Amino acid sequence: MNEYIPMQAEIVDIDVESPNTYLISLKLLDDMDFGYTPGQFVMVSVMGLGECPISITSTPTRHMLQLCIRRAGRITNGIMDSRIGDVLGIRGPYGNGFPLNEMKKDILIAGGGSGFATLRSLINYIVDRRIEFGKVAVAYGARTRQDLYFMQEYKGWQQAGIDVGITVDIGDESWKGNIGLVTSLMDKFEIYGGSAAICGPPVMINAVAAKLMKEKSFDHSDIYVSMERHMKCGVGKCEHCMIGPYHACQEGPVFTYDKVKTVL
Amino acid sequence: MKALLPRDKLLPFLTEMSHKLEVVAPVLANEEEVFCTWTGQPLAFDENPLNPPTEFLIPHRETLFRYVQESGRYTFEEEPQKSRLVLGIRPCDLRAVAVLDRIFGAYPRDSHYLHRRRSTLIAAMNCTRPKESCLCAHLGSGPEAKDEYDLLITEIGSGYLVEAGSPAGILMLSDHSEFFLNATEAQLMEKDQLMKQAEEVVKSHSDVSLQKMRDTIKMADWESLGRECLSCGGCTFICPVCHCFNIVDLGVPDGERVRCKDTCILSGFSRMTSGTNPRRTQGERMHNWYLDKFEYIPQKTGLPGCVGCGRCGRVCLAEIDRWKLEAVR
Amino acid sequence: MEKIHTTCVYCGCGCGLFLHVEGGKVVGVSPSSSHPMSQGRLCIKGWLGAEFVNHPDRLKTPLVRRGERLLKAGWEEALSTITTKFKEIRDSHGPDSLGILTSAKGTNEENYLLMKLARAGLGTNNVDHVARLCHAPTLAGLSYSFGSGAMTNPISSLAKSDAILIVGSNTTEQHPLVAFHILRGKARGAKIIVVDPRITQIADLADIRLSPRPGTDIAWINCFLNLLIQEGLMDEDFISKRTTGFDEVREAVSKYTPKAVEEITGIPAQRLTEAAIAYGSADRAAIVYAMGITQHTTGTDNVQALANLALATGNVGREGTGVYPLRGHQNVQGACDMGALPDLYSGYQRVAQARQKFEQAWLKPLPEKTGLTALEMMAAAEEGNVKGLLVVGENPMISYPDTKKIKQALLSLEFLAVCDIFPTETTELADVVLPAASFAEKDGTFTSTERRVQLVRRALPPCGECRPEWEIISDLLSRFDVPTDYTSPADVMEEIASVTPIYGGVIYDRLGTDGLQWPCPSRDHPGTGILHAEKFSIGLAKFRSVEHREPIESTDEHYPLLLTTGRSLYHFHTGTMTRRTSLLDREIPGPYVEMNPEDAKKLGVRSDQKVVVESRRGQLCMDAKLTTDVPKGTLFVPFHFNEACANVLTGQAVDPQSKIPELKVTAARVRRAD
């Protein structure tokens, strides 16, 4: 069995999330089974161009496998140039995902920019298994309104009893919501001493973690960060994704804040 | 099981083995020792070849699979693996194999490596004449073989003392018993004596140990070392333990996905598509290489990630002292 | 697996390495520890040096043009088309309407056969190659002054220097093995003086660093001479016994005082003095130089200035001294040695003087008139005087200055044949494309920058229908009625040795592990390490006074910045091989311009932002990299990237003596792309 040979998945739907981001829905060919947990990722192949790691943005509690692709380099460009019916290679799921068994019942989720795609998997999982969780809040910020992902889902989250705060860095005439940092959304959340799931730029992660520890009594080992690294094999052998002694693709990409704060 | 292979029986034994599988052995090319496919040339055991034999387990370049596009989907084809006997792997390189076995054999297993590994018979060779740059004994990896082998050869006066270290090794000796004699007590003692002497020679070379290197790494001025590094990548390409690889696709719409050697010494190794680089300076990257060898690999595998072969120093373009880690210039 | 010992294909250092061959492919590379120069080392390009060989983009069949398309053809059709068209053009317009640009990456045998084809086959001396763009001034300058335009000492001699003056050479990036030996010298206590407008790695490691305004080198070199004369640090004995013409130089440099030169160059007077004394007071001092000296309209004079400095201090002919021009391609030295030049046969024998000798050797009448240089051929093509061109292993569309004019020139030709290993911007314009075998797929010799003739060995059969160029050219020679009976490149070298005194003793059997450094006039001669040790081939070395002249191109209020072009460690020239090597492509994937942060701030440019760089000839879009390594008012653009070809911006002003273009000085401006 060759771990490097991908499964094949057909693109069954493409939703435009923002000018350079698509939400792609995939169906694995040959009826392959694919179980995963929120926070895991796959290695996506465009044959002839190569492979890159993409977080799974769908929840395992629903049928469709979904990936959120943003134009960044050669391979993501290749994926963005694909059409419905085209076939991509998929390897995985890889990574540790969010440790749902260890996390507390009260959860604060904070996302910045394209990192929010990783967190959507956890959010929709919580929506589908709402009774297993306590107080849940989402704080999400993007550069401008055009850059906000999954806008059509916020209402559904709120209806499921999740506190949702959205902000942008730069507003425009049509934007009536918050302008400012993600941390500014957190004041109104009444969650203390819970678990957190954060994904975004290092500056944002540090600011959110600091606020959680200082003002919301979170412990640094209950703050989970999804780390981004250059990856090639996804199975802890090529050594590209090392963060200190850990492989982001094996012992990560979800790390507790204490493990990664020196490299952020 | 131990036996003596008389000097004049070595080539006939190898010829016999070469009928069944590819024999790789050290020979002279351009008057230098190299490992390559043996086709009857005289063998060269004076020096351990500069390029380590781990290239037969971690090739510089190998095809992971071929892809062929047909009506929207792909078929993937793999290449068959061939059986090999690699003769003349020195204890330091054997230790490197042991480290690689633990890294690639750890879950999730790398079946490519393991397939190659299982198709490879190892006839290791003890070092009776270590070089100036050899520091194996300080790191527990030589000059006598300490790790798994199929056969272990030690050159003594009357020929080659051969010891079997695995069922496959025992089979090799018993299937080809016509080449071997019983090993005498005196010959075994001669081997022990030679190995003891070799160990003393290595121990008399500069003093190094896992803990000493950890201390040196903490004290080194990495930014100064980084300024001197000429980014040739030699240390990472020549190190028998280094195994980082890159995966590239060659060919559209049909082609092959190839795995080839990579080097953490280049900034592109850890740089993300956004341009952010967790190891931005050359000093940080060198530091990371050393930490991997002396901290992370021992943590993961229980074995040091450096086998003391001294090759990195022999190819360093900036002539940095790889043990003292002092900025020379 | 097989391991074949051969010579690296990238730069003029000429490192020894093994190609690892398995399953009909080159799968790896390792260094040769016994190589006399490289001693077990390689640079990153060398370590990765064979990846491009099996790349799917390799040209595998001959191609022939049908209108807009290039279609596959057989060798017979391709070669007979070239022959017919060239003969037609020659018969209607004369032999000088044809020309050949040879390859500085081709072997010695191939270069020799190409110049033989031009002269004996086509009947023209219009043969040239890219030395025209790099060390033509070295040939002109050092040949005049020393009698030979080649590196005076072996590269390893630098490790024995007491002071090394490095001018216009980004040594650790362009000639890493030369840097290796320089740094060995430094570890022994040698003073390293680096002169470069930018802060390169070698400049960072230097003891003394000078940063002159581009194009002002004669001024500071003359100032050095002036200072050393005043300090009494001349080698009067050497000057009187081994040179002629010093008085003229002594007179001419007297006005180049540190103060005056500070005005011209921007180098502080005190720094000038410090550096001059460091060079002049050393027992053994060496001068290393590259494109920063040659690629100027005063290129030949720049080289002469350095020669004057070396002669005046007696730093020629001994271990640890000497003048080291660093040749770029792995065989540009060989291409010059083989006479792929419009005025010289092999061994630097002048066409004017040696014509009869070669007529007798080749049994053919040979043309008298000196031929055109590379850029002159381009200009003649534009004017319609050159109508047919054979370009071998060269990419003028990317490497020659003023791309717009080059394209016009190539399109004006009636017939263009191009031979290469990969498709390029130049093959795209060809009427016939010939697929060549790579360095791993043929036998032959390369001559490195230290005059070392070394074997390059065939490690695998040529891919597809490729053929080694020596075979292709032999075929063409017989089609042009030049008798050939070469069964191998060794045969060709036998002929070369018979007509080329400096290669007289070069035969394959002798090249073994260490090669041979020319001059090697006979079979029992061991080759020559240090040149000019006892005497110069011209008897006495010649001084020549040179004066500072401003570059032709100058900045003004429309184009206020000075653009200089150059290279990176990770890519080689037009990138045809390195951009197809995965780790090198990943390291530097695309074009960029280095700008000083203060200049960037004034223009509102942030790091990694897209900018447009414009000159009087064209404009390019690329990423801005802000760095203090580049002085204010200066831009640096590498020429590796065809999508932002630096030569779109450069001009064709040339040095009148050597005809090298002024690639190091272009007036430019920058603005944000958005």
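Residues numbered from 1 in each chain as written. Chains lettered and ligands numbered in written order. Predicted model: local features only at pLDDT ≥ 70, side-chain atom pairs only at ≥ 80, totals over all residues. Heavy atoms only, no water.

Asks: I tried to follow empty space enclosed by the protein on my own but got confused; where do I start?
Replies: A water-sized probe rolled over the atoms picks out the places where empty space is left. Residues and elements named next belong to chain C. Summed over all chains, the structure comprises 17 cavities of 30 Å³ or more. Put simply, the largest cavity is a space of about 630 Å³. Lining the largest cavity are 39 residues, with Lys105, His329, Gly393, Glu394 and His573 sitting closest to its centre. Residues that form the lining of the largest cavity fall into these classes: 16 nonpolar, 16 polar and 7 charged. Summarising the domain contributions, the lining of the largest cavity has at least three residues from each of domain 2 (63-130 + 330-517) and domain 4 (561-672). A volume near 330 Å³ is recorded for the second largest cavity. Along the wall of the second largest cavity there are 25 residues; nearest its centre are Gly168, Asp196, Gly292, Thr564 and Lys664. The dominant element in the lining of the second largest cavity, judged by the number of residues it contributes, is strand β21 (residues 561-566), at 3 residues. (1 Å grid on protein atoms, 1.4 Å probe; cavity = no way out; pocket = protein on both sides within 12 Å on 5 of 7 lines; lining within 4 Å. Points joined across faces, edges and corners; volume = space filled by probe spheres on them. Nonpolar A, V, L, I, M, F, W, Y, C, P; charged D, E, K, R; others polar. Domains from an automatic or database assignment. Helix = DSSP H or I, 4+ residues; strand = E, 2+ residues; numbered from the N terminus.)

Asks: What's the story with the sheet that holds strand β10 (residues 208-210) of chain C in this structure? I'm lost.
Replies: The strands making up a sheet associate through hydrogen bonds between their backbones, and the pairing can be parallel or antiparallel. Residue and element names in this part refer to chain C. One open sheet holds the 5 strands; their spatial order is β10-β9-β8-β12-β13, and the pairing between them is parallel. The open sheet terminates on both sides in strands that have one partner only, identified here as β10 and β13 (322-325). On average, adjacent strands in this sheet sit at an angle of 15° to one another, irrespective of strand direction. Here strand β9 (residues 191-195) pairs with β10 via 3 bridges, running parallel. For Val194, the partnering residue across the bridge sits in β10 and is Arg209. Along the sheet, helix α4 (residues 136-146) makes contact with β12 (285-289) and β13, crossing β13 at roughly 160°. (Pairing = 2+ DSSP bridges. Axes fitted to C-alpha atoms, helices over the stretch in contact; angles between N-to-C directions. Contact = heavy atoms within 4.5 Å.)

Asks: Could you clarify how one ought to interpret the pattern of salt bridges in this entry?
Replies: Residue and element names in this part refer to chain C. Counted by the stated rule, this structure contains 79 salt bridges over all chains. Glu368 serves as the salt-bridge partner of Arg355, at 3.7 Å between the closest nitrogen and oxygen. Here the residue Arg355 occupies a position in helix α16 (residues 351-362), and Glu368 occupies one in the loop between α16 and α17 (374-383), the gap between them amounting to 13 residues. Here Glu553 makes a salt bridge to Arg616, at a shortest N to O gap of 3.6 Å. Placement of the pair is Glu553 in the loop between β20 (541-542) and β21 and Arg616 in the loop between β23 (610-615) and β24 (619-626), with a sequence separation of 63 residues. Owing to a relative accessible area of 13%, Glu553 belongs among the buried residues under this scheme. Taking relative accessible area as the criterion, Arg616 reaches 36% and is therefore assigned partly exposed. (Salt bridge = Lys/Arg side-chain N within 4 Å of Asp/Glu carboxyl O. Buried < 20%, exposed > 50% of the residue type's maximum accessible area, 1.4 Å probe, protein only.)

Asks: Would you take a moment to explain the domain arrangement of chain C for this structure?
Replies: Quoted interface sizes are often the accessible area lost when the parts come together. Residues and elements named next belong to chain C. You can read the domains of chain C as domain 1 (2-54), domain 2 (63-130 + 330-517), domain 3 (136-325) and domain 4 (561-672). The interface of domain 2 with domain 3 comprises 8 residues on the first partner and 9 residues on the second. Here domain 2 meets domain 3 over a buried area of about 640 Å², counting both sides, of which 60% is carbon and sulfur. When residues of domain 2 are sorted by the area they lose upon contact with domain 3, Thr449, Glu450 and Arg451 head the list and together hold 69% of the total. The tally of links between domain 2 and domain 3 comes to 0 salt bridges. The interface formed by domain 2 and domain 3 includes 4 residue pairs in polar contact (both at pLDDT 80 or more). Here the residues of the side of domain 2 that touches domain 3 sort into 3 nonpolar, 3 polar and 2 charged. (Buried area = accessible area lost by both parts, 1.4 Å probe. Polar contact = N/O pair within 3.5 Å; in protein donor to acceptor, adjacent residues only side chain to side chain.)

Asks: I tried to follow the interface of chain B and chain C on my own but got confused; where do I start?
Replies: Facing the 50 residues of chain B at the interface are 47 residues of chain C. Across the interface of chain B and chain C, roughly 3,900 Å² is buried in total on both sides, 52% from carbon and sulfur atoms. For the interface between chain B and chain C, the tally reads 7 salt bridges. The closest approach of N and O atoms between Asp204 of chain C and Arg227 of chain B, which form a salt bridge, is 2.7 Å. Taken together, chain B and chain C are joined by 23 residue pairs in polar contact (both at pLDDT 80 or more). Ranked by the residues each element gives to the side of chain B that touches chain C, the list is headed by strand β3 (residues 32-37) of chain B, at 5 residues. Considering only residue class, the side of chain B that touches chain C consists of 20 nonpolar, 13 polar and 17 charged.

Asks: Help me understand the domain arrangement of chain A, please; the structure alone is not making it clear to me.
Replies: Residues and elements named next belong to chain A. You can read the domains of chain A as domain 1 (7-94) and domain 2 (107-263). On a C-alpha basis, the centroid separation for the pair domain 1 and domain 2 is 21 Å. Each partner contributes to the interface: domain 1 provides 24 residues, whereas domain 2 provides 26 residues. Summed over both sides, the interface of domain 1 with domain 2 buries roughly 2,000 Å², with 53% coming from carbon and sulfur. In terms of surface lost to domain 2, no three residues of domain 1 exceed Glu17, Thr57 and Arg62, which account for 23% of the buried area on that side. Run the count over domain 1 and domain 2 and you get 1 salt bridge. The partner of Arg62 in a salt bridge is Asp128, and the shortest N-O contact between them spans 2.9 Å. The interface formed by domain 1 and domain 2 contains 11 residue pairs in polar contact (both at pLDDT 80 or more). Secondary structure elements with two or more residues in the side of domain 1 that touches domain 2: β1 (7-18), β2 (21-28), β3 (41-46), β4 (50-55), β5 (65-70) and β6 (87-94).

Asks: Looking at this model, I keep getting lost on the sheet that holds strand β5 (residues 73-77) of chain B. Mind explaining?
Replies: All names here are of chain B. In spatial order, the strands read β5-β4-β12-β11; together these 4 strands make up an open sheet with antiparallel pairing. The two strands at the open ends of the sheet, each matched to only one other strand, are β5 and β11 (245-250). Taking the axes of each pair of neighbouring strands and ignoring which way they run, one obtains an average angle of 25° across the sheet. Contacts from helix α3 (residues 111-118) reach β4 (61-70) and β12 (255-261) within the one sheet, and its direction differs from that of β4 by about 125°.

Asks: Quick question: what am I supposed to make of the layout of surface pockets here?
Replies: Quantified by volume, the second largest pocket comes out at close to 950 Å³. Ranked by the residues each element gives to the lining of the second largest pocket, the list is headed by α4 of chain C, at 5 residues.

Asks: I'm lost on α4 of chain C in this one. Help?
Replies: Side chains three or four residues apart in an α-helix point the same way, a direct result of the helix having 3.6 residues per turn. All names here are of chain C. Extensive coverage of α4 is indicated by the burial of 8 of its 11 residues. Within α4, burial applies to Ala136, Pro137, Thr138, Leu139, Gly141, Leu142, Ser145 and Phe146. On the buried face of α4, the contacting elements are β12, α13 (291-294), α14 (299-312), β13, α15 (332-337) and β20.

Asks: It is not clear to me how the side chain of Arg322 of chain B should be interpreted in this structure. Could you clarify?
Replies: All names here are of chain B. Of note, Arg322 is situated in the segment after α10 (311-315). As a buried residue without a salt bridge, Arg322 has its nearest oppositely charged side chain in Asp321, at a separation of 7.7 Å. For Arg322, the residues in contact, after removing those within four places along its chain, are Met213, Cys235, Trp289, Tyr290, Cys312, Gly313 and Cys316. (Lys, Arg positive; Asp, Glu negative; His and termini not counted.)

Asks: How should the pairing of β5 of chain B be read in this particular structure?
Replies: On any regular strand, side chains alternate: one points to one face of the sheet, the next to the other face. Pairing between β4 of chain B and β5 of chain B: 5 bridges, direction antiparallel. When the sheet's bridge partners are listed, Gln69 of chain B is paired in β5 of chain B with Tyr74 of chain B.

Asks: Sorry if this is basic, but what is going on with the environment of Ile166 of chain A here?
Replies: All names here are of chain A. By the element assignment, Ile166 lies in strand β9 (residues 162-168). Looking at Ile166, the relative accessible area reads 13%, which means it is buried. Distance in space between the C-alpha atoms of Ile166 and Ile179 is 8.7 Å, their sequence separation being 13 residues. Filtering out sequence-adjacent residues up to four positions away, Ile166 remains in contact with Tyr140, Leu148, Tyr154, Trp175, Asn178 and Leu185.

Asks: Just to check I follow, could you spell out the interface of chain B and chain A for this structure?
Replies: Taken together, the contact pairs 40 residues of chain B with 34 residues of chain A. In total, about 3,300 Å² of surface goes out of reach between chain B and chain A, with carbon and sulfur atoms giving 56% of it. A per-residue breakdown of the area chain B buries against chain A is headed by Arg73, Phe76 and Arg257 of chain B, which together make up 16% of the total. In this structure, the connection of chain B to chain A is made through 3 salt bridges. With its nearest N and O atoms 3.4 Å apart, the salt bridge here joins Glu51 of chain A to Arg257 of chain B. Inspection of the region where chain B meets chain A yields 22 residue pairs in polar contact (both at pLDDT 80 or more). Breaking the side of chain B that touches chain A down by element, the ones donating at least two residues are β4, β5, α2 (91-105), α3, β11, β12 and α9 (282-301) of chain B.

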